[in-house]
Number of protein chains: 2
Amino acid sequence: MIETDAALARAALPRGFIDRDSADLAAAEAMMAKIRKVYELYGFEAVETPFVEYTEALGKFLPDQDRPNAGVFSFKDDDEQWLSLRYDLTAPLARYVAEHYEKLPKPYRSYRAGWVFRNEKPGPGRFRQFMQFDADTVGAASPAADAEICMMAADCLEALGIARGDYVIKVNNRKVLDGVMEAIGLGGEANAGRRLVVLRAIDKLDRLGPDGVRALLGDGRKDESGDFTKGAGLEKAKADALLDFLQPKFPQDILVTREGGRIHEQSDEAGRIPNADANHVVGSNASTIDSLRHLFDQPKYQEGLDELSNLAEFTESAGFSQSVICIDPSVVRGLEYYTGPVFEAELTFETPGEDGRPIRFGSVGGGGRYDGLVARFRAEPVPATGFSIGVSRLLAALRAIKSPIVAGTEAPGPVVVLALDRDEASMANYQRLVASLRRAGIAAELYLGSGGMNAQLKYADRRQSRVAVIQGSNERNAPGGPQVTIRDLKLGAELAKATKDRADYLELRKRAQFSAPEAELVERVREMLTRE
Amino acid sequence: MIETDAALARAALPRGFIDRDSADLAAAEAMMAKIRKVYELYGFEAVETPFVEYTEALGKFLPDQDRPNAGVFSFKDDDEQWLSLRYDLTAPLARYVAEHYEKLPKPYRSYRAGWVFRNEKPGPGRFRQFMQFDADTVGAASPAADAEICMMAADCLEALGIARGDYVIKVNNRKVLDGVMEAIGLGGEANAGRRLVVLRAIDKLDRLGPDGVRALLGDGRKDESGDFTKGAGLEKAKADALLDFLQPKFPQDILVTREGGRIHEQSDEAGRIPNADANHVVGSNASTIDSLRHLFDQPKYQEGLDELSNLAEFTESAGFSQSVICIDPSVVRGLEYYTGPVFEAELTFETPGEDGRPIRFGSVGGGGRYDGLVARFRAEPVPATGFSIGVSRLLAALRAIKSPIVAGTEAPGPVVVLALDRDEASMANYQRLVASLRRAGIAAELYLGSGGMNAQLKYADRRQSRVAVIQGSNERNAPGGPQVTIRDLKLGAELAKATKDRADYLELRKRAQFSAPEAELVERVREMLTRE
């Protein structure tokens, strides 16, 4: 029934999907344990939804909705119902809250880590299955809830060893952006398409700078490859007003201008920035908001600024200065369901890449307020706000800075009992030896391949085993009772490189490999595993 | 952009999918940590593959292949390639090993927990997304590898507090079954259909007994609902030979017959069965094999028995008697890719169900040897064997026996700081109080809903919080500096029920709620959290 005769199947993953080995898994788990602890410190509790939902329940809120299949994997079940793999963790949470509304505490703080799926063209660092680690508060309309989410995002990054000044939580407000759109004549349903073009242009400010964005707001822009992107067709005065609004107002830029250096280069040994606590901020969110106040007078715009002002007061009161949680009008966030404050967690440091050129990791998470998402299922409004960490990208950043949190998290290999004689009785005896080690809580395995002694020792090395146990027939039948040879593979490897002139060479050799009665196996192996 | 005006979306999961709350997640994690530890004790290392594979890579090995879509969720990506959600963890592992063959240690022992998907009609205890926790050894042809898998399965169940005698690992061999099929004239490709009918009949021995199986082997059987299942049409002599082969030979049945009681009723206090260690088995696998030897003489049949004999010698030598790992010719396992030994882990105890009638959980996992699965991708044979635990069903069993491993694994709720005044300045001040608790490592949250004091205290109860912190404007503006009220919610609840005649009532009341200077908040809350 096995298709061995047919043409061979291709052993490959579809593009955009990856396997993870034990080192990857241990590193991710170590990182996620830290995040989980911060979420729980903030009173959030775990909940998990399945990967599959009714397509209708998920709705269509992905960015770039103009593409044909809207980025979602969908299929029919055997009842001919359309199902989809979730594309984020927020839409399923909204369904969950609506479905279990009565039994949940309100406000409902919850967190979840989970894989999400996008049917998109994969690219470097862009996967079709990736993990998000979200926390959300449902049922709280106050900017206090948004403030809390921002503080929690900051605390997560610090719990991972990313120092203040090496990251920033940027905050904007969809109401502010909507007000700006109205002000420049792009309000209303009829302008949805042009609004999208403008928002995408704003989103590229970091990468293209003001001139690039100005081109995209006007007639369009030709990129380095010669491709032309059509612009939003805004007249010059309106584009100028928009760029004035976007003008950078956060401390990094101020410092770059004034001192000519990046802010984290001025941090003290602990990675903290002098004068960056709540009482001595470099610039302030209040002054950012002040400078934005007079630009437009749309009520929505002003309401959005009020909320941002509240949010900043709460975060600063709790000890998070503008250098940590920073109002920044250029933050857009692509998802369509946001209705109020939006957040973006950015790493601001650079590390040398493989080619020596500096890499900046940029955004490792984001979120915002989505007051309409639960209301899709219920006849009443249910305010909600949340944050999502991009697990893979954050992990890549931690690895790049050689964070001790994700390095060396792998367990050492098991004790390997060599199989020198392969007759049934010998193998049964080896099984007994291995079982005695396991029963004592020592990870151990019997070599089950077909290689000889050298291959078996090489295998143990490959498993990063510390100890090998060897028993040939002579030892098993020794006159004084069965013996085993116990070898310290680490010490053995060092000895092999050492010169024999060393005064302690013989002593070391005795410690690296010795014979012992079989009855002492567990005890002697444990000694070897615990010694330096 | 939110569809609030449209008809409400339905807040429901598709059938066969479930949400998991924090208690479910904590219980599952506690159980899986125990299993993980046993797998690692046996030298297995973690690896993880994605949920999506090329449909071709997964192959079609599900039982009941006669159904139209073969039980798999499949869809096309935007490159028009057919992809599928994995239906088990074994087919993806085969792809993984084939893809990364050169860099893997061989034999390659690995484990993985993961969700799998079946596009089937869901039912009680039958889900369309469920979790398996697998361990596999690839590159070892010896029955020693199968023996190890069986021992590991037994050790997993014991690590979960399931005593010897309350479970059994049943072992059979596909070669033995194939030999029997040849002997009764059902060998060869032409008989594949009838063979499947016979194997399904055998698989129902537990449920239907010998007479029910005899009917299914012959003309067919009408069940209690009146539905008729067509039989395999075997002539009587062949059906008799098959039933003779299936005759129960494992100790439970012997004990049921001889003593009239279930085996675990005879266990000692520690749940162990007297005389059930390696030297004093009740019956033996050797005698089972002896009694099977003479039934058929097909070479494949005899080869299968040889392998089972080897396997039993290895497990018994390592201290696992027949009462734990038991040769049982009635074990079938539905998946089509098995080629040698097959295993089934069964819980043998009963617990009273909700209606008082006893429930037997039965199979909680299984596996077997699949020597052809990696070979689908490579031009050389790669032997492999493995085991899969059904996480949900095992968890349900542990909950039914009120296992301490999965009970009470939930963390207590956070400290709740009440929000009595909702002006901006007060809220900022509450945020500062909450932040100081979190900074001291105490899980804490600010109440962010719209309820009054009673609603807020009720919320804290619902979160299972131990402590509430209260500060009204009088306390904040107290003449000697700001004060807070700290309330022990557990003690408070007890006091509310206690009579005031208690000698220590006033003392208790003082401990249940008191005022303290704001500066002592962290210290006093910590005292309250750590006291009895």
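Residues numbered from 1 in each chain as written. Chains lettered and ligands numbered in written order. Predicted model: local features only at pLDDT ≥ 70, side-chain atom pairs only at ≥ 80, totals over all residues. Heavy atoms only, no water.

1. Concerning the overall build of chain A
Check the secondary structure of chain A and you find 18 helices and 18 strands. Computed over its C-alpha atoms, the radius of gyration of chain A comes to 30 Å, more than 25% above the 24 Å expected for a compact globule of 532 residues. Referenced to the eigenvectors of the C-alpha coordinate spread, the extents of chain A come out at roughly 100 × 65 × 55 Å. Expressed as a percentage of the 532 residues in chain A, the buried residues total 56%. Counting only carbon and sulfur atoms, one obtains 50% of the accessible surface of chain A, whose full area is about 22,500 Å². Across chain A, the centroid of the 69 positively charged side chains sits 4 Å from that of the 80 negatively charged ones. (Helix = DSSP H or I, 4+ residues; strand = E, 2+ residues; numbered from the N terminus. Rg over C-alpha atoms; globule rule 2.2 N^0.38 Å. Buried < 20%, exposed > 50% of the residue type's maximum accessible area, 1.4 Å probe, protein only. Areas by Shrake-Rupley, 256 points an atom, 1.4 Å probe, with all protein chains shown as cover. Lys, Arg positive; Asp, Glu negative; His and termini not counted. Charge placed at Lys NZ, Arg CZ, Asp CG, Glu CD.)

2. Structural notes on the relation of the copies chain A and chain B
With an RMSD of 0.1 Å, the operation that places chain A on chain B is a rotation of 180° combined with a shift of 0.0 Å along the axis. Both chain copies can therefore be described as sitting about a two-fold axis. The C-alpha atom lying nearest the rotation axis in chain A is that of Phe-75 of chain A; the distance is 3.0 Å. A share of 99% of interface residues in chain A that are also interface residues in chain B marks the association as one of identical surfaces. (Least-squares fit on C-alpha atoms with pLDDT ≥ 70 in both. Contact = heavy atoms within 4.5 Å.)

3. Description of the state of the cysteines
By the definition in use, this model includes 0 disulfides over all chains. As a non-bridged cysteine, Cys-326 of chain A has Cys-150 of chain A as the owner of its nearest cysteine sulfur, 11 Å distant. (Disulfide = S-S within 2.5 Å.)

4. Some remarks on the pattern of salt bridges
The tally for this structure, following the rule as stated, stands at 72 salt bridges over all chains. Residue Lys-76 of chain A is joined to Glu-80 of chain A by a salt bridge in which the shortest nitrogen-to-oxygen separation is 3.6 Å. The exposure class assigned to Glu-80 of chain A is exposed, which follows from its relative accessible area of 55%. A network of salt bridges, in which partner residues are shared, links Glu-45, Arg-109 and Glu-148 of chain A together with Arg-438, Glu-445 and Arg-463 of chain B. (Salt bridge = Lys/Arg side-chain N within 4 Å of Asp/Glu carboxyl O.)

5. Here we look at the side chain of Glu-53 of chain A
Secondary-structure assignment places Glu-53 of chain A in strand 2 (residues 52–54). Separated by 2.9 Å, the side chains of Glu-53 of chain A and Arg-95 of chain A make a polar contact. Setting aside residues up to four positions removed in sequence, Glu-53 of chain A forms contacts with Leu-58, Leu-83, Ser-84, Pro-92 and Arg-95 of chain A together with Leu-13 and Pro-14 of chain B. (Polar contact = N/O pair within 3.5 Å; in protein donor to acceptor, adjacent residues only side chain to side chain.)

6. A look at the environment of Phe-228 of chain B
Looking at where Phe-228 of chain B falls in the secondary structure, it is placed in strand 9 (residues 228–230). Sequence-distant contacts of Phe-228 of chain B, defined by excluding residues within four places in its chain, comprise Asp-219, Gly-220, Arg-221 and Lys-222 of chain B.

7. Describing the sheet that holds strand 7 (residues 167–173) of chain A
All names here are of chain A. Taken together, 8 strands build an open sheet; the order of strands is 1-5-6-13-12-11-7-10 and the sheet is mixed. For this open sheet the edge positions go to strand 1 (45–46) and strand 10 (325–327), each flanked by a neighbour on one side alone. In this structure, strand 7 lies alongside strand 10, joined through 3 bridges in parallel fashion. Each bridged residue has a counterpart across the sheet, and for Val-171 the counterpart in strand 10 is Ile-327. Helix-sheet contacts for helix 5 (residues 174–183) involve strand 7 and strand 11 (341–352), and the interaxial angle to strand 7 is about 50°. (Pairing = 2+ DSSP bridges. Axes fitted to C-alpha atoms, helices over the stretch in contact; angles between N-to-C directions.)

8. Observations concerning helix 18 (residues 521–530) of chain B
Helical periodicity: at 3.6 residues per turn, an α-helix aligns residues three or four positions apart in one direction. Residue and element names in this part refer to chain B. Taken residue by residue, helix 18 has Leu-521, Val-525 and Met-528 as its buried positions. With its buried residues spanning 60° around the axis, helix 18 presents them on a single face. Buried residues in helix 18 make contact with strand 14 (415–417), helix 13 (424–439), strand 16 (467–470), strand 17 (483–488), helix 17 (505–512) and strand 18 (513–517). (Arc of directions from axis to C-beta.)

9. Describing the confidence of the model for chain A
All names here are of chain A. For chain A, per-residue confidence averages 87 on the pLDDT scale, and residues scoring 70 or more make up 90% of the total. Across residues 250–281, confidence stays below pLDDT 50; counting only partners more than four residues off in sequence or on other chains, it has 51 contacts. At the level of chain-chain contacts, confidence expressed as ipTM amounts to 0.88, with global pTM at 0.89. (pLDDT = per-residue confidence, 0-100.)

10. Topic: the packing of helix 5 of chain A against helix 11 (residues 299–317) of chain A
Residues and elements named next belong to chain A. Close contact between helix 5 and helix 11 brings their axes to 7 Å; oriented N to C, the two are set at 160°. With respect to helix 11, the axis of helix 5 lies roughly antiparallel. Helix 11 is crossed by helix 5, and the crossing has left-handed handedness. Facing Lys-175, Val-176, Asp-178, Gly-179, Val-180 and Glu-182 of helix 5, the residues of helix 11 in contact are Lys-300, Tyr-301, Glu-303, Gly-304, Leu-305, Glu-307 and Leu-308. (Parallel < 35°, antiparallel > 145°, perpendicular 65-115°, else oblique. Left-handed = near helix turned anticlockwise from the far one by under 90°.)

11. Section: the pairing of strand 17 of chain B
Residues and elements named next belong to chain B. When strand 16 meets strand 17, the two strands line up antiparallel, connected through 4 bridges. Opposite Ile-470, over in strand 17, you have Thr-485 as the bridge partner. Strand direction decides the pairing type here: strand 17 and strand 18, joined by 5 bridges, are antiparallel. Paired with Gln-483 across the strands is Pro-517, a residue of strand 18.

12. Observations regarding the interface of chain A and chain B
The interface of chain A with chain B comprises 114 residues on the first partner and 113 residues on the second. Of the roughly 9,700 Å² buried between chain A and chain B, counting both surfaces, carbon and sulfur atoms make up 54%. Counting across the interface, chain A meets chain B through 12 salt bridges. Seen at the junction of chain A and chain B, the total is 37 residue pairs in polar contact (both at pLDDT 80 or more). Considering every element that reaches the side of chain A that touches chain B, the biggest residue donor is helix 13 (residues 424–439) of chain A, with 10 residues. Class assignment for the residues of the side of chain A that touches chain B results in 57 nonpolar, 20 polar and 37 charged. (Buried area = accessible area lost by both parts, 1.4 Å probe. Nonpolar A, V, L, I, M, F, W, Y, C, P; charged D, E, K, R; others polar.)

13. Some thoughts on the nonpolar core
Soluble, globular proteins show a tendency: their nonpolar side chains are buried together. Grouped together as the largest cluster of nonpolar side chains are 290 residues, with contacts concentrated most on Tyr-39 of chain A together with Tyr-39 of chain B. Once residues within four sequence positions are removed from consideration, Tyr-39 of chain B is found in contact with Phe-44, Tyr-111, Phe-133, Asp-134, Ala-135, Met-152, Cys-156, Phe-387 and Ile-389 of chain B. (Core = buried A, V, L, I, M, F, W, Y, C linked by side-chain atoms within 4.5 Å.)

14. So, the packing of helix 1 (residues 22–41) of chain B against helix 4 (residues 143–159) of chain B
Residue and element names in this part refer to chain B. Close contact between helix 1 and helix 4 brings their axes to 9 Å; oriented N to C, the two are set at 145°. Considering how the two elements wind past one another, helix 1 and helix 4 form a crossing that is right-handed. Of helix 4, the residues touching helix 1 (which contributes Lys-34, Ile-35, Val-38 and Tyr-39) are Met-152, Asp-155, Cys-156 and Ala-159. For the contact of helix 1 with helix 4, the class distribution of residues is 6 nonpolar, no polar and 2 charged.

15. Some thoughts on the sheet that holds strand 2 of chain A
All names here are of chain A. Here we have 3 strands laid out as an open sheet, ordered 2-4-3, and antiparallel in their pairing. The outermost strands of the open sheet, each flanked by one partner alone, are strand 2 and strand 3 (74–76). Neighbour-to-neighbour, the strand axes of the sheet open up by a mean angle of 35°, direction not taken into account. As paired strands, strand 2 and strand 4 (residues 82–85) are joined by 3 bridges and run antiparallel to one another. Counterpart to Glu-53 in the pairing with strand 4 is Ser-84.

16. What about helix 10 (residues 285–293) of chain B?
Residue and element names in this part refer to chain B. Burial in helix 10 covers these residues: Asn-285, Thr-288, Ile-289 and Leu-292. The buried residues of helix 10 occupy one face: seen down the axis, they fall within an arc of 95°. Close packing links the buried residues of helix 10 with helix 8 (236–246), helix 11 (299–317) and strand 10 (325–327).

17. A look at the side chain of Asn-310 of chain A
Among the secondary structure elements, Asn-310 of chain A is positioned in helix 11. Excluding residues within four positions of it along the chain, Asn-310 of chain A makes contact with Pro-143 of chain A together with Glu-424 of chain B.

18. Description of the pairing of strand 16 (residues 467–470) of chain A
Side chains on a regular strand alternate between the two faces of the sheet. Residues and elements named next belong to chain A. Side chains of strand 16 alternate between two faces, with Val-467 and Val-469 and Ala-468 and Ile-470 buried alike. Sheet analysis places strand 14 (residues 415–417) next to strand 16, joined by 2 bridges and oriented parallel. Across the sheet, Val-416 pairs through a bridge with Ala-468, a residue of strand 16.

19. What to know about the packing of aromatic side chains
Counted by the stated rule, this structure contains 31 aromatic pairs over all chains. Both rings, one in Phe-245 of chain B and one in Phe-296 of chain B, keep their centres 6.3 Å apart while their planes meet at 65°; by these two values the pair is edge-to-face. In this pair, Phe-245 of chain B sits in helix 8 while Phe-296 of chain B sits in the loop between helix 10 and helix 11, placing the two residues 51 residues apart along the sequence. The same class applies to Phe-245 of chain B and to Phe-296 of chain B, which are both buried. Summarising the aromatic geometry, the rings of Tyr-447 of chain B and Tyr-459 of chain B are spaced 5.4 Å apart at their centres and angled 70° between planes, so their arrangement reads as edge-to-face. Here Tyr-447 of chain B is found in the loop between strand 15 (444–446) and helix 14 (453–462), whereas its partner Tyr-459 of chain B is found in helix 14, with 12 residues between them in sequence. Tyr-447 of chain B gets classed as buried once you look at its relative accessible area, which sits at 5%. Three or more aromatic residues link up through ring pairs in this structure, and these residues are Phe-51, Trp-115 and Phe-117 of chain A together with Phe-51, Trp-115 and Phe-117 of chain B. Above the ring of Tyr-101 of chain B, the side-chain terminus of Arg-378 of chain B is found at 3.9 Å from the ring centroid. (Phe/Tyr/Trp six-rings, centres within 6.5 Å; stacked < 30°, edge-to-face > 60°. Lys NZ or Arg CZ within 6 Å of the ring centre and 35° of its normal.)

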